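Close look at the chain arrangement
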Amino acid sequence: MPELPEVETVCRSLAPFIVGKRVSECLIGEKKLIKSSTAEEFRKKIIGRSFNNVQRRGKYILLLLDDGETLVVHLRMTGKLLISLKDEPVNKHTHVRFSFEDCEQELRYEDIRKFGILYLGDEAKLAQLKGLVNLGYEPLSEEFTTEVLKEILHSSNKKIKAVLLDQTKIAGIGNIYADEILFQAKIHPESIAKNITDEEVIKALHFAIQDRLREGIKYGGSSIKDYVNSFGEAGSFQKLHKVYAKAGERCVECGGILDKMTSAGRSSTYCPNCQIKY
DNA sequence: AAAACCGCCTGTCGGC
DNA sequence: TGCCGACAGGCGGTTT
């Protein structure tokens, strides 16, 4: 499900609730989701800790604790972090529950497909979480300049779609935003990254990356099937999608028919007329 | 080096 | 209505 804008929206909705709360109990129904230790060790470690801060890195949610350790959550495809009343009935996809001192609400981790992960540890422990430590540039940070993007493109023989999805180069872009970004930048998904050398095209791609991600955040993310923020509210950016899941429909720019192909192992929808192959 | 493929899971949708 | 395969916001591992 969630890409950078959705994860950012979850973090923003979660932070005002969770910061300052102290964990009084942690019930783990699906032990395999805990990747840093056994479920019982995880439970013992988290009870008594309180949350100091909420951060996002790529698609990872970082919940900073008062002892210097961090609870890392990755939602993968169908994970959700939900603030629920304690007496709200759980469902069969509720796998982890955190309750807090003096609080009638609890935090639940739900996940239909159970691909998500929860990981608890200090700095040294987090260094073992390869997906997290190997993340590339934050696309909305100051460090991610047009020059940086130019260098990323120049040094890659891969297709541009694969490069955008490569979390070790740029962190947080997934299949929806990759398609929307490439449409906005008028670049064909199978273009070879290093062939994109025109300064104006690189500039357009850099703008499209930041613009689509920022708009995604502005509209609370894209809710295709499962995605909701921690209050259970859907986003609305899916209404503004121009290509994702729209194969066979008309291009909003040229009126041609949008095409679909498998590229870099993922489905890609694009306009064969507007998007140029480099 | 890159890409294809598979596995991890469950649910949904379209075709027959 | 039911069965069956294809496919889905991710990602890590293996094979080609």
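Structure's up top.
I will try to describe carefully the structure that is included in this document.

Criteria and cut-off values
Residues numbered from 1 in each chain as written. Chains lettered and ligands numbered in written order. Predicted model: local features only at pLDDT ≥ 70, side-chain atom pairs only at ≥ 80, totals over all residues. Heavy atoms only, no water. Helix = DSSP H or I, 4+ residues; strand = E, 2+ residues; numbered from the N terminus. Buried < 20%, exposed > 50% of the residue type's maximum accessible area, 1.4 Å probe, protein only. Contact = heavy atoms within 4.5 Å. Areas by Shrake-Rupley, 256 points an atom, 1.4 Å probe, with all protein chains shown as cover. Lys, Arg positive; Asp, Glu negative; His and termini not counted. Charge placed at Lys NZ, Arg CZ, Asp CG, Glu CD. Near = heavy atom within 4 Å. Polar contact = N/O pair within 3.5 Å; in protein donor to acceptor, adjacent residues only side chain to side chain. Nonpolar A, V, L, I, M, F, W, Y, C, P; charged D, E, K, R; others polar. Phe/Tyr/Trp six-rings, centres within 6.5 Å; stacked < 30°, edge-to-face > 60°.

What follows covers the overall build of chain A. Counting its secondary structure elements, chain A contains eight helices and ten strands. Dimensions of chain A along its principal axes, counting C-alpha atoms only, are 60 × 35 × 30 Å. Sorting the 278 residues of chain A into buried and exposed places 53% on the buried side. For chain A, restricting intrachain contacts to residue pairs at least 6 apart in sequence, the fraction spanning at least 24 positions comes to 63%. For chain A, the accessible surface area stands at approximately 12700 Å², while carbon and sulfur atoms represent 48% of it. Distance between charge centres in chain A, computed from 42 positive and 39 negative side chains, equals 5 Å.

To continue, consider the protein's contact with DNA strand B. Surrounding DNA strand B, one finds Lys 32, Lys 92, His 93, Ile 112, Arg 113, Lys 114, Phe 115, Asn 157, Lys 158, Lys 159 and Lys 225. Within 4 Å of the protein, the contacting atoms of DNA strand B are drawn from sugar and phosphate to the extent of 74%. His 93 has a polar side-chain atom sitting 3.2 Å from a phosphate oxygen of DNA strand B. Within the surface near DNA strand B, the residues separate by chemical class into two nonpolar, two polar and seven charged.

What follows is about the packing of aromatic side chains. For any pair of aromatic rings, the description consists of the separation of the ring centres together with the inter-plane angle of the planes. One pass over the full model with this rule turns up six aromatic pairs. With a centroid separation of 6.4 Å and 50° between ring planes, the pair formed by Tyr 137 and Phe 144 is classed as tilted. Since its relative accessible area comes to 36%, Tyr 137 is described here as partly exposed. Both rings, one in Tyr 219 and one in Phe 237, keep their centres 6.2 Å apart while their planes meet at 35°; by these two values the pair is tilted. With Tyr 219 in the loop between helix H8 (199-218) and strand S9 (259-263) and Phe 237 in the loop between H8 and S9, the pair connects residues that are 18 residues apart, well separated along the chain.

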